[in-house]
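Each chain, written out:
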Amino acid sequence: MSALSIPHLASGKVRDIYELDDRHLLFVTSDRMSAFDVVMAEPIPDKGRVLTAVTAFWLERLSGVAPNHLVSLDVPAGLGEDHDLDGRVMVVRRAQMLPIECIVRGYLSGSAWAEYKRTETMHGTPLPSGLRQSERLPEPVFTPSTKAESGHDENISFEEAAALAGEDLAAEARRISLAAYEQAAALAAERGIIIADTKFELGIIDGALAICDEVLTPDSSRFWPADAWSPGQIPPSFDKQPLRDWLEGTGWDKTPPPPALPDEIVEATRSRYVEAYERLTGLRFADWPGVGAR
Ligand code: Q0Z
């Protein structure tokens, strides 16, 4: 847990948000690793930098779709005595967040597959019969969910999202989310990566809906290697698979505390995150701020 000497606003499993001033927040991405919804005891070195680098990459690529909250990737003066924060902080504009999670699905997986198996619907809307797990959907779909304070978010229809966020904001959120997903999925496809689904957090800044939070990272998306995808099967996760496989092999019951991770699993997981970044962006992770500083 990063304990900075500025007011703390919120913490998730992996990220922490602090207050800089009335209009700016400091968004800090940790090296914490969650698997099967449980946070591991051991950090994954550089994971926070990878997630920050991936987010920065997409925000620049998607700047034509909508404005975003990013102001600076520099550590504010007076905060980082050492280089620990380098490359894993974002100074962001404070937004008025929408009360919904903006999910886009291009493939039938996760909770959407669980719903489809029961009722042949996705977030309440009928889908064609006979689709298989992990199958590509006829077209990408905006499938919002509620923001649960604790426990799991609930999948909702567009109409339910409109009731929560307002009709016009929900429609604009759907436009932004679908356009961002389509652009990102097309670029990822050129690099052999399927973005099965992803979750955006949108908020209002200066009266306009903006892309906030982390963006199209392995933690907010399902990334599959295209060459390992086949309908009817669950493709391996680009980044988390070595860890998941190892955890499954231990017989752990997926309740805390998790087993202690061996060094080679930590290192394999770190490599997968770095490889995901380099393959997706075509950039060298060694060039990112703070890498190799310790
Ligand atoms: C995002 C979240 C957490 C990580 C608040 N630009 C913004 N303005 C206002 N609020 C937010 C943002 Cl990004 C905001 N979250 C979600 C919670 C850790 C992300 F504890 N919460």
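So, here's what we can say about the structure. (Residues numbered from 1 in each chain as written. Predicted model: local features only at pLDDT ≥ 70, side-chain atom pairs only at ≥ 80, totals over all residues. Heavy atoms only, no water.)

This part takes up the environment of Ala 162. Summarising the element assignment, Ala 162 is placed in helix α3 (residues 158-165). Since its relative accessible area comes to 10%, Ala 162 is described here as buried. Between the C-alpha atoms of Ala 162 and Val 104, which are 58 residues apart in sequence, the distance is 16 Å. Beyond its immediate stretch of four places on either side in the chain, Ala 162 contacts Glu 167 and Ala 170. (Helix = DSSP H or I, 4+ residues; strand = E, 2+ residues; numbered from the N terminus. Buried < 20%, exposed > 50% of the residue type's maximum accessible area, 1.4 Å probe, protein only. Contact = heavy atoms within 4.5 Å.)

With respect to spatial proximity, 14 residues lie near the ligand, and among them Ser 11, Gly 12, His 69, Arg 93 and Ala 95 are the closest. His 69 is positioned with one of its side-chain polar atoms (N or O) 3.0 Å from a nitrogen atom of the ligand. In the model, a nitrogen atom of the ligand is placed 2.8 Å from a nitrogen or oxygen of the Arg 93 main chain. Coverage of the ligand by the protein amounts to 85% of the 460 Å² it exposes when considered alone. (Near = heavy atom within 4 Å. Polar contact = N/O pair within 3.5 Å; in protein donor to acceptor, adjacent residues only side chain to side chain. Areas by Shrake-Rupley, 256 points an atom, 1.4 Å probe, with all protein chains shown as cover.)

Here the focus is the environment of Met 122. With respect to the secondary-structure elements, Met 122 resides in strand β10 (residues 121-122). Remark: the alpha-carbon pair of Met 122 and Ile 156, spanning 34 residues in sequence, is separated by 9.0 Å. Beyond its immediate sequence surroundings of up to four residues, Met 122 is in contact with Arg 105, Leu 108, Ala 112, Glu 115, Leu 127, Leu 137, Val 141 and Thr 143.

On the surface, a cluster of negative charge is made up of Glu 154, Glu 159, Glu 160, Glu 167 and Asp 168. Those elements that provide at least two residues to the negative patch are α3 and α4 (167-190). Position of Glu 167 among the secondary structure elements: in helix α4. (Patch = residues over 30% accessible without salt bridge, like charges linked within 9 Å, V, L, I, M, F, W, Y side chains within 5 Å. Salt bridge = Lys/Arg side-chain N within 4 Å of Asp/Glu carboxyl O. Lys, Arg positive; Asp, Glu negative; His and termini not counted. Charge placed at Lys NZ, Arg CZ, Asp CG, Glu CD.)

Direction of pairing for strand β1 (residues 8-11) relative to strand β2 (residues 15-21): antiparallel, over a ladder of three bridges. Each bridged residue has a counterpart across the sheet, and for Ser 11 the counterpart in β2 is Asp 16. Between β1 and β2, which pair antiparallel one after the other, the connecting turn spans three residues. (Pairing = 2+ DSSP bridges.)

Closest axis-to-axis distance for the helix α5 (residues 241-250)/helix α6 (residues 263-281) pair is 8 Å, and the angle between their directions is 150°. Classified by the interaxial angle, the pair formed by α5 and α6 is roughly antiparallel. Contacts between α5 and α6 involve Gln 241, Pro 242, Leu 243 and Trp 246 from the first element and Ile 265, Ala 268, Thr 269 and Arg 272 from the second. Looking at the contact of α5 with α6 residue by residue, the classes come out as five nonpolar, two polar and one charged. (Axes fitted to C-alpha atoms, helices over the stretch in contact; angles between N-to-C directions. Parallel < 35°, antiparallel > 145°, perpendicular 65-115°, else oblique. Nonpolar A, V, L, I, M, F, W, Y, C, P; charged D, E, K, R; others polar.)

Before going further, it helps to examine the packing of aromatic side chains. Applying the stated criterion across every chain yields a total of six aromatic pairs. A ring pair is formed by Phe 57 and Trp 58, whose centres lie 5.1 Å apart and whose planes are at 65°; its orientation type is edge-to-face. The exposure class assigned to Phe 57 is buried, which follows from its relative accessible area of 10%. Ring geometry for Phe 142 and Phe 158: centres 6.4 Å apart, planes at 65°, overall edge-to-face. Placement of the pair is Phe 142 in strand β12 (residues 136-142) and Phe 158 in helix α3, with a sequence separation of 16 residues. Among the aromatic residues, ring-to-ring pairing joins Tyr 107, Trp 224 and Trp 229 into one connected group. Over the face of the ring belonging to Phe 158 we find Arg 174, whose NZ or CZ atom lies 3.8 Å from the ring centre. Its guanidinium or amino end placed over the ring of Phe 36, Lys 254 lies 4.2 Å from that ring's centre, counting from NZ or CZ. (Phe/Tyr/Trp six-rings, centres within 6.5 Å; stacked < 30°, edge-to-face > 60°. Lys NZ or Arg CZ within 6 Å of the ring centre and 35° of its normal.)

It is worth spelling out the nonpolar core at this point. Met 40, Trp 58, Phe 200 and Leu 202 are the most contacted members of the largest nonpolar core, which has 64 residues in total. For Phe 200, the residues in contact, after removing those within four places along its chain, are Glu 101, Cys 102, Val 104, Ser 177, Ala 180, Tyr 181, Ile 211, Val 215 and Leu 216. (Core = buried A, V, L, I, M, F, W, Y, C linked by side-chain atoms within 4.5 Å.)

It is worth spelling out the packing of α3 against α4 at this point. In the contact formed by α3 and α4, the axes pass within 7 Å of each other and the chain directions differ by 125°. In terms of their interaxial angle, α3 and α4 are classed as oblique. Judged by the twist between their axes, the crossing of α3 over α4 is right-handed. Mapping the contact onto sequence places Phe 158, Ala 161, Ala 162 and Ala 165 in α3 and Glu 167, Leu 169, Ala 170, Ala 171 and Arg 174 in α4. Partitioning the contact of α3 with α4 into residue classes produces seven nonpolar, no polar and two charged. (Left-handed = near helix turned anticlockwise from the far one by under 90°.)

The next subject is the side chain of Glu 214. Residue placement: Glu 214 occurs in the loop between β15 (208-212) and β16 (221-225). Only 2.7 Å separates the side chain of Glu 214 from the side chain of Thr 217, close enough to count as a polar contact. Excluding residues that lie within four positions of it along the chain, Glu 214 makes contacts with Arg 15, Phe 27, Leu 51, Thr 55, Asp 219 and Ser 220.

Attention shifts here to the pairing of β15. Moving residue by residue along a regular strand, the side chains alternate between the two faces of the sheet. With respect to burial, β15 is a largely interior element, four of its five residues being buried. Here strand β14 (residues 193-205) pairs with β15 via five bridges, running antiparallel. Within β15, the residue paired with Leu 202 across the bridge is Ile 211.

None of this, on its own, says anything about what the molecule does.
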